[in-house]
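# Per-entry structural report
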Amino acid sequence: TARPVVFSGMQPSGDSLHLGNYLGALVNWVALQDDHDPIYCVVDLHAITVPQEPEAMREATRRTAAQYLAAGVDPERSTLFVQSQVPAHAELAWVLGTLTGFGEASRMTQFKDKSSRFGAESTTVGLFTYPVLMAADILLYGTHLVPVGDDQRQHLELTRDLAGRFNSRYGDTFVVPEAMIPKESARIYDLQEPTAKMSKSAASPNGLINLMDDPKVIAKRIRSAVTDTEREVRYDPQAKPGIANLLDIYATVTGRTIPELEAEYDGKGYGDLKKDLAEVVVDRVAPIRERTLELMEDPAELDRLLAIGADKASERAERTLATAYDRVGF
Ligand code: ADP
Ligand code: NA
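Small disclaimer: the values here were computed from a predicted structure and weren't measured.

## Describing the UniProt feature "binding site: L-tryptophan" (unreviewed entry) in the protein
Feature annotation in UniProt assigns "binding site: L-tryptophan" (unreviewed entry) to the following positions: D137. Take D137: it is sitting in helix α7 (residues 125-139). Judged by relative accessible area, which is 2%, D137 ranks as buried. Here D137 is in contact with F7, V43, H46, Q83 and H89, once residues within four sequence places are set aside. A distance of 2.8 Å separates a polar atom in the side chain of D137 from a polar atom in the side chain of H46.

Next comes the structure, spelled out in structure tokens:
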């Protein structure tokens with residue numbers, strides 16, 4: 001029997017993926033390879049919905065793919081590719097756009113947030129139709145499951161609506177995908193502002209741990225993480241968000257449980273927790289950074305892997321697109 005298809009992607013932007021991307025998404029992507037049919041995409045078409053420098057874009061696309069690989073995405077067990085190398089994404093997005101209500105798209109909260117931040121002048125139609133492209137990404141592969149965080153839930157609902165609408169208008173064509181709440185994934189918060197999620201768009205870099213950061217920088221950021229004025233290492237996300245975040249990171253990196261960690265640090269100080277945490281995080285991140293740098297030093301090999309991925313993805317995507325075009329009357 002066929003394994004369930006999973007689709008997920010990240011944008012190539014910023015200097016590096018961060019610890020939130022890794023512990024919240026990539027670790028789960030790697031685990032899914034055992035019993036799913038995963039499609040992992042570097043979504044560069046999505047990235048240009050906000051302005052990008054072409055050279056930085058090229059570099060970030062390669063680096064993001066290299067980070068997927070370095071984190072353990074296996075190009076034999078997963079389909080790993082760059083979105084712009086598979087034209088069917090843009091083509092199906094056009095068709096789905098014709099089924100999307102203007103009002104429906106206008107209700108997407110991520111668009112409303114971003115466009116109010118950018119101002120009307122620099123808000124583009126591309127940013128507006130972003131969720132339609134995301135629907136195409138997912139529907140092209142007969143995706144059963146989509147790992148989604150809160151911020152993408154509304155977009156997945158739109159994807160499901162569009163799949164259903166196409167199917168009832170033109171005949172059964174698309175699998176209607178389900179949201180997947182990953183078992184092991186953690187939500188990681190900013191080290192300086194532990195009620196905000198760790199994000200590449202953080203106000204200060206001190207709250208962020210990038211996978212490409214030097215081990216010394218990582219250790220320093222963890223040592224300087226904001227905590228509270230108590231001394232007790234206790235898991236209480238409401239009252240002690242800083243310590244709870246450090247414990248979550250610790251537990252996710254080591255596979256140990258929170259109660260185990262609370263017991264271990266009973267009677268010890270925040271300094272001990274931070275020192276040990278810095279060590280386990282560096283031990284986990286340093287090999288990923290080194291492997292990423294190795295892959296980046298051999299662009300021909302990386303491009304070869306991505307070309308194989310794009311071929312695999314194209315074959316599947318083209319089949320779905322051909323069916324959809326045929327149903328529409330093309
Ligand atoms: P960013 O917030 O840095 O822009 P993205 O929104 O591009 O990151 O997210 C890419 C992936 O990483 C998504 O699967 C998202 O759920 C996950 N992710 C991002 N930030 C975090 C975080 N702080 N904790 C857990 N997962 C995260
Ligand atoms: Na984001």
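Right, picking up where we left off after that structure.
## Let's talk about the site of ligand 1
Near ligand 1, the surroundings consist of 13 residues, among which H18, N21, I188, M198 and K200 are the closest. One of the backbone N or O atoms of G20 is found 3.1 Å from a nitrogen atom in ligand 1. A distance of 3.0 Å separates an oxygen atom of ligand 1 from a polar side-chain atom of N21. Alone, ligand 1 offers 540 Å² of accessible surface; in the complex the protein occludes 80% of this.

## Some remarks on the nonpolar core
Residues L19, Y22, L26, Y68, I249, L273 and V281 are the most contacted members of the largest nonpolar core, which totals 57 residues. With 10 residues, the single largest contributor to this core is helix α12 (residues 270-296). The contacts of L26, once residues within four sequence positions are left out, are M10, L17, N21, Q67, Y68, A71 and V73.

## Section: the pattern of salt bridges
Applying the stated rule across the entire model yields 20 salt bridges. The partner of E230 in a salt bridge is R234, and the shortest N-O contact between them spans 3.2 Å.

## Description of the side chain of H18
Counting through the fold element by element, H18 comes out in the loop between β1 (5-10) and α1 (19-32). On the accessibility criterion, H18 (4% relative accessible area) is buried. Of note is the side chain of H18, whose polar atom sits 3.0 Å from the backbone nitrogen of G20. With residues near it in sequence (within four places) discarded, H18 still touches M198, S199, K200, L208, I209, N210 and L211.

## Comments concerning the environment of V95
Within the secondary structure, V95 sits in helix α4 (residues 88-97). Owing to a relative accessible area of 7%, V95 belongs among the buried residues under this scheme. With 53 residues separating them along the chain, V95 and V42 place their C-alpha atoms 22 Å apart. What V95 contacts, discounting residues up to four positions off in sequence, is F166, Y325, V328 and F330.

## Some details on the packing of helix α9 (residues 215-223) against α12
Contact geometry for α9 and α12: axes closest at 9 Å, N-to-C directions at 150°. Between α9 and α12, the crossing angle belongs to the class labelled roughly antiparallel. Considering only the axes of α9 and α12, their crossing is right-handed. Of α12, the residues touching α9 (which contributes P215, I218, A219, I222 and R223) are K274, L277, A278, V281, V282, V285 and R289.

## What to know about the packing of α7 against helix α8 (residues 153-170)
Contact pair α7 / α8: the axes reach a minimum separation of 9 Å and the direction vectors enclose 65°. Considering the relative orientation of α7 and α8, their crossing is right-handed. Contact residues: Y130, P131, M134, A135, I138 and L139 in α7; H155, L156, L158, T159, L162 and A163 in α8.

## A word on the confidence of the model for the protein
In the predicted model, the protein carries a mean pLDDT of 95, and the fraction of residues at 70 or more is 98%. On the interface metric, ipTM, the complex scores 0.95, and its pTM is 0.94.

## Some remarks on the packing of aromatic side chains
Here the structure, examined in full by the defined rule, presents 10 aromatic pairs. Here the aromatic rings of W29 and Y68 are separated by 4.8 Å at their centres, their planes lie at 75°, and the arrangement is edge-to-face. On the criterion of sequence distance, the pair formed by W29 in helix α1 and Y68 in helix α3 (residues 54-71) is long-range, its members being 39 residues apart. For the ring pair F81 and Y141, a centre distance of 6.0 Å and an interplane angle of 50° mean the geometry is tilted. Placement of F81 in strand β3 (residues 79-82) and of Y141 in the loop between α7 and β4 (145-147) is noted, with a sequence separation of 60 residues between them.

Cut-offs applied
- Residues numbered from 1 in each chain as written.
- Chains lettered and ligands numbered in written order.
- Predicted model: local features only at pLDDT ≥ 70, side-chain atom pairs only at ≥ 80, totals over all residues.
- Heavy atoms only, no water.
- UniProt positions renumbered as here; feature names shortened; annotations may be inferred.
- Helix = DSSP H or I, 4+ residues; strand = E, 2+ residues; numbered from the N terminus.
- Buried < 20%, exposed > 50% of the residue type's maximum accessible area, 1.4 Å probe, protein only.
- Contact = heavy atoms within 4.5 Å.
- Polar contact = N/O pair within 3.5 Å; in protein donor to acceptor, adjacent residues only side chain to side chain.
- Near = heavy atom within 4 Å.
- Areas by Shrake-Rupley, 256 points an atom, 1.4 Å probe, with all protein chains shown as cover.
- Core = buried A, V, L, I, M, F, W, Y, C linked by side-chain atoms within 4.5 Å.
- Salt bridge = Lys/Arg side-chain N within 4 Å of Asp/Glu carboxyl O.
- Axes fitted to C-alpha atoms, helices over the stretch in contact; angles between N-to-C directions.
- Parallel < 35°, antiparallel > 145°, perpendicular 65-115°, else oblique.
- Left-handed = near helix turned anticlockwise from the far one by under 90°.
- pLDDT = per-residue confidence, 0-100.
- Phe/Tyr/Trp six-rings, centres within 6.5 Å; stacked < 30°, edge-to-face > 60°.

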